[in-house]
Amino acid sequence: MNTKAPAKTVDVVVVGAGLSGLAAARTLQKAGLDVHVIEAADRVGGRVRSANVAGAHLDLGGTFVGPTQDRIIALSEEVGVKRFATYVEGGNLMHWGGTRRSYRGTIPSIGPIALVDAGRIQSALDKLSRSVPPGRPWDAPNAQELDAQSLGSWMRAHRATASTYEIFAIASRATWGCEPDELSLLHALHYIAMAGGLDLLLDTKNGAQEEHFVEGTHEIAARVAAELGEGRVHLSQPALSIDQTGDVALVRTPDLEFLARRVVIAVPVWMRQRIKVTPSLGPDAVALGQRWPGGVLSKAYAVYDRPFWRDFGLSGQAVSDRGPAVITFDASPEDGSVGVLLGFIGGKQARMWDSLPEDERRLRALNGFAELFGEQARHPRGYLDQRWVTEEWVGGGPCAAPAPGHVLPYAKTLIEPQHLIHWAGTETADQWSGFMDGAVRAGERAAAEVIAAVSNASITDKN
Ligand SMILES: Cc1cc2nc3c(=O)[nH]c(=O)nc-3n(C[C@H](O)[C@H](O)[C@H](O)COP(=O)(O)OP(=O)(O)OC[C@H]3O[C@@H](n4cnc5c(N)ncnc54)[C@H](O)[C@@H]3O)c2cc1C
């Protein structure tokens with residue numbers, strides 16, 4: 001017997017309550033539309049998630065923001081979530097080729113010759129990225145040639161030294177959750193262009209890691225969801241199917257049905273294929289969902305009585321060629337009342353480490369912290385890790401990592417509306433795609449599309 005309530009007639013259904021879907025819903029509601037959000041998981045936030053461990057607040061997914069990320073900053077300010085500067089005082093550390101050294105700045109000091117070589121590759125990548133128009137990678141000169149190469153093969157063709165290659169491999173693991181050989185060069189360049197250059201992308205001070213949020217990033221999502229009002233966000237309700245007939249879309253979840261004038265889909269691009277859409281999206285749009293997989297990026301957090309590394313003049317920021325965490329940050333609260341080390345584990349290291357049992361993951365992560373910061377790091381008062389591939393409705397992160405040859409054929413279908421369906425999600429942004437800022441921008445852009453479409457339809461109806 002079918003016990004479902006009768007289909008509810010609404011203006012817009014938003015699929016996915018990550019920052020993108022929530023930003024879309026907020027904009028649509030402010031424009032006076034009747035909006036409902038359906039979310040597959042039992043919580044809002046998607047790739048932003050928080051936890052409290054041993055007195056510390058931890059951001060398990062999206063964490064940092066920086067200059068030019070205006071939309072996430074504006075949204076956080078509107079809902080009253082405050083920011084503070086990431087701790088950067090003192091020396092950074094690197095564990096490289098079996099030895100530990102201190103350095104300042106973003107590129108580790110692996111010796112003068114290696115430093116020059118890393119700078120050369122960075123300049124060349126930055127220069128090439130400026131030839132890729134944000135939001136239109138297909139318009140780049142030589143787009144085909146750029147898409148046919150991987151970031152790794154390009155570095156080899158440009159005779160990057162082994163150290164330079166490894167530095168950019170670490171950046172690739174932490175940025176895209178994949179190895180340089182797994183990523184289309186065109187995608188890497190487009191991503192860099194959308195961030196405004198490698199310095200903005202990789203730096204802490206004056207870059208994307210400059211600040212984090214006092215109450216955590218999840219609080220932004222939670223407050224936007226609360227603002228939407230009681231009964232507007234439906235948890236544990238994955239969109240199963242969307243049937244578009246004439247000017248109405250029937251959206252089905254396990255327990256609910258909606259008849260909507262428009263639908264905004266704000267799920268990770270590789271999750272699109274789990275929703276059955278009729279009429280079919282068409283071969284390229286279907287292939288997009290299959291050929292733009294999520295990367296593999298995990299996090300390990302250790303909580304200490306104090307940020308003890310600061311006593312030794314260290315910032316807590318480190319790079320390691322051994323891992324499992326290849327990059328670390330001091331993620332302590334603003335008042336330093338407890339010490340928090342955050343380690344990023346990505347790409348091939350994450351694939352190996354993610355499959356270990358929890359006690360083994362913890363042991364290896366803390367060994368890595370101890371190699372960098374000394375024996376004290378082996379004994380935290382709390383520990384937590386997060387493996388994003390294991391999240392049923394996110395299944396990877398931080399963003400899409402398409403292989404060589406997989407950008408050009410499908411990129412145009414990323415945001416092309418399909419009859420009554422509009423696309424959001426950070427992967428569809430043309431600035432800071434892959435970041436929380438891109439998620440908010442994409443949600444607001446999709447909402448603007450819907451508002452225009454619905455007002456045009458109303459004018460046509462009246463005539
Ligand atoms: C480890 C890690 C670190 C990161 N660090 C940073 C950082 O420091 N700074 C930064 O700016 N960004 C960072 N990011 C990226 C950032 O978190 C994401 O870009 C952003 O949160 C994506 O938001 P979104 O709304 O586009 O997608 P998501 O957050 O993935 O939201 C999509 C939602 O759709 C839901 N969903 C999926 N399928 C369905 C379905 N069929 N029906 C209904 N709902 C569905 C999912 O459950 C999810 O809630 C990081 C990400 C990770 C994983």
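- The name given to the protein in an unreviewed UniProt entry is Flavin monoamine oxidase family protein, and the organism recorded there is Nocardioides jejuensis.
- For the record of the protein, the UniProt heading Sequence similarities (unreviewed entry) holds the text "Belongs to the flavin monoamine oxidase family."
- Quoted verbatim from the Cofactor (unreviewed entry) heading of the UniProt record, the comment on the protein is "FAD".

**Looking at the packing of helix α1 (residues 19-30) against helix α9 (residues 217-228)**
Then comes step 1: Across the interface, α1 lies against α9 with an axial gap of 10 Å and an inter-helix angle of 30°. It follows that α1 is roughly parallel to α9 by the angle criterion. For the pair α1 and α9, the crossing hand works out as left-handed. Residue-level inspection shows L19, L22, A25, R26 and Q29 of α1 in contact with α9, the latter providing I220, A221, V224, A225, E227 and L228.
Then comes step 2: Per-class residue counts for the contact of α1 with α9 are eight nonpolar, one polar and two charged.

**Topic: the environment of E391**
Then comes step 1: Structurally, the position occupied by E391 is in the loop between β18 (382-387) and β19 (421-423).
Then comes step 2: With 350 residues separating them along the chain, E391 and A41 place their C-alpha atoms 9.1 Å apart.
Then comes step 3: Excluding residues that lie within four positions of it along the chain, E391 makes contacts with R43, R49 and Q386.

**Concerning unusual backbone geometry**
Then comes step 1: Of note, the amide linkage connecting G323 to P324 takes the cis form, showing an omega dihedral of 5°.
Then comes step 2: On the secondary structure map, P324 appears in the loop between β15 (314-320) and β16 (327-330).
Then comes step 3: Omega for the bond connecting G397 with P398 falls within 30 degrees of zero, at 5°, which places this linkage in the cis form.
Then comes step 4: Among the structural elements, P398 can be located in the loop between β18 and β19.
Then comes step 5: Here the phi dihedral of A54 falls at roughly 45°; this positive angle occurs in a residue that is not glycine.
Then comes step 6: Positionally, A54 belongs in the loop between β3 (50-53) and β4 (56-59).
Then comes step 7: Its relative accessible area of 30% is what places A54 among the partly exposed residues.
Then comes step 8: Even without glycine at this site, W432 takes up a positive phi of about 50°.
Then comes step 9: For W432, the location among the structural elements is in the loop between β19 and α13 (436-462).

**So, the domain arrangement of the protein**
Then comes step 1: One can read the domain layout of the protein as domain 1 (8-46 + 218-281 + 418-462), domain 2 (87-105 + 296-396) and domain 3 (113-202).
Then comes step 2: One C-alpha centre belongs to domain 2, the other to domain 3, and the line joining them spans 25 Å.
Then comes step 3: Note on domain 2 versus domain 3: buried area summed over both sides is about 920 Å², and carbon and sulfur give 63% of it.
Then comes step 4: Viewed at the interface, domain 3 and domain 2 are joined by one salt bridge.

**Regarding the site of the ligand**
Then comes step 1: Taken together, 32 residues surround the ligand, and among them E39, R47, A239, T426 and M436 come closest.
Then comes step 2: A40 places a polar main-chain atom, nitrogen or oxygen, 3.1 Å from a nitrogen atom of the ligand.
Then comes step 3: In this structure, F64 approaches the ligand through a main-chain N or O atom, which is 2.9 Å from an oxygen atom.
Then comes step 4: Here the ligand, which alone exposes 1,000 Å², has 98% of that area covered by the protein.
Then comes step 5: Residue assignment for the shell around the ligand shows that the elements contributing at least two residues are α1 and α13.

**Description of the UniProt feature "binding site: substrate" (unreviewed entry) in the protein**
Then comes step 1: Per the UniProt annotation, the sites labelled "binding site: substrate" (unreviewed entry) are F344.
Then comes step 2: The residue F344 is located in strand β17 (residues 339-346) in this model.
Then comes step 3: With relative accessibility at 12%, the residue F344 sits in the buried group.
Then comes step 4: F344 has contacts with F64, L297, S298, K299, P324, A325, V326, I327 and F329, leaving out every residue within four places of it along the chain.

**Looking at the sheet that holds β17**
Then comes step 1: Taken in spatial order, the seven strands of this open sheet run β7-β6-β15-β16-β17-β14-β18, and their pairing is mixed. Taken across any chain shown, the strands that pair with only one partner, and hence form the sheet edges, are β7 (99-103) and β18. Taking the axes of each pair of neighbouring strands and ignoring which way they run, one obtains an average angle of 20° across the sheet.
Then comes step 2: Bridge analysis of strand β6 (residues 91-96) against β15 gives four bridges, and the strand direction is parallel. Note on β15: the bridge partner recorded for L93 is A318.
Then comes step 3: Helix α6 (residues 162-176) contacts β6, β14 (297-304), β15, β16 and β17 of the sheet and is inclined by roughly 110° relative to β6.

**Observations concerning the side chain of D59**
Then comes step 1: Position of D59 relative to the elements: it lies in strand β4.
Then comes step 2: No salt bridge is formed by the buried D59; its nearest oppositely charged neighbour, K299, is found at 6.4 Å.
Then comes step 3: Polar contacts involving the side chain of D59 include one to the side chain of H57, which spans 3.2 Å.
Then comes step 4: At 3.1 Å, the side chain of D59 forms a polar contact with the backbone nitrogen of T217.
Then comes step 5: Filtering out sequence-adjacent residues up to four positions away, D59 remains in contact with R49, S50, G216, T217, H218, K299 and Y301.

**Section: the nonpolar core**
Then comes step 1: With 89 residues, the main nonpolar core has V15, L125, V263, I265 and W292 as its most contacted residues.
Then comes step 2: Judged by nonpolar contacts, the second largest core, of 36 residues, contains A17, L19, I72 and V450.

Cut-offs and rules
Numbering of residues begins from 1 in every chain and follows the order in which that chain's sequence is written. For this predicted model, a pLDDT threshold of at least 70 governs which residues receive local features, and a threshold of 80 or more governs which side-chain atom pairs are given and counted, while totals over whole chains, interfaces and linings are taken from all residues. Hydrogen atoms and water are omitted, and side-chain values are computed over all heavy atoms in the structure. UniProt positions are given in the numbering used here, feature names are shortened, and annotations may be inferred rather than shown by experiment. In this description, a line fitted to the C-alpha atoms serves as the axis of each element, helices being fitted only across the stretch in contact, and the angle between N-to-C directions of two axes falls anywhere from 0 to 180 degrees. Here a strand is any run of E in DSSP of at least two residues, a helix any run of H or I of at least four, and the numbering for each starts at the N terminus. We call two directions roughly parallel when the angle between them is under 35 degrees, roughly antiparallel when it is over 145, roughly perpendicular when it lies between 65 and 115, and oblique otherwise. Each crossing is labelled by how the near helix is turned from the far one, with a counterclockwise turn of less than a right angle marking it left-handed and a clockwise turn marking it right-handed. We call two residues in contact whenever any of their non-hydrogen atoms come within 4.5 Å of each other. Under the grouping applied here, Gly and all other residues not named as nonpolar or charged are polar, the nonpolar ones being Ala, Val, Leu, Ile, Met, Phe, Trp, Tyr, Cys and Pro and the charged ones Asp, Glu, Lys and Arg. Each residue is assigned to one of three classes by its accessible area relative to the maximum for its type, calculated with a 1.4 Å probe on protein chains only: buried under 20%, partly exposed between the two thresholds, exposed over 50%. An automatic or database domain assignment provides the domain bounds reported here. Put simply, buried area is the surface a 1.4 Å probe can reach on two separate parts but cannot reach once they are joined, added for both. Whenever a carboxyl oxygen of Asp or Glu lies within 4 Å of a side-chain nitrogen of Lys or Arg, that contact is scored as a salt bridge. Only heavy atoms are used to decide nearness, and a residue is near a molecule or strand if one of them lies within 4 Å of it. Any pair of N or O atoms that falls within 3.5 Å is considered a polar contact. Within protein, one atom must be able to donate a hydrogen and the other to accept it, and sequence-neighbouring residues count only if both atoms are side-chain atoms. Residue exposure ignores everything except the shown protein chains as possible cover, and the areas themselves are Shrake-Rupley values with a 1.4 Å probe. Pairing between strands is defined by DSSP: at least two bridges between them are needed. In this count, Lys and Arg are taken as positive residues and Asp and Glu as negative ones, while His and the chain termini are left out. Joining through side-chain atoms within 4.5 Å is the link that ties buried Ala, Val, Leu, Ile, Met, Phe, Trp, Tyr and Cys residues into a set, and such a set is a nonpolar core.

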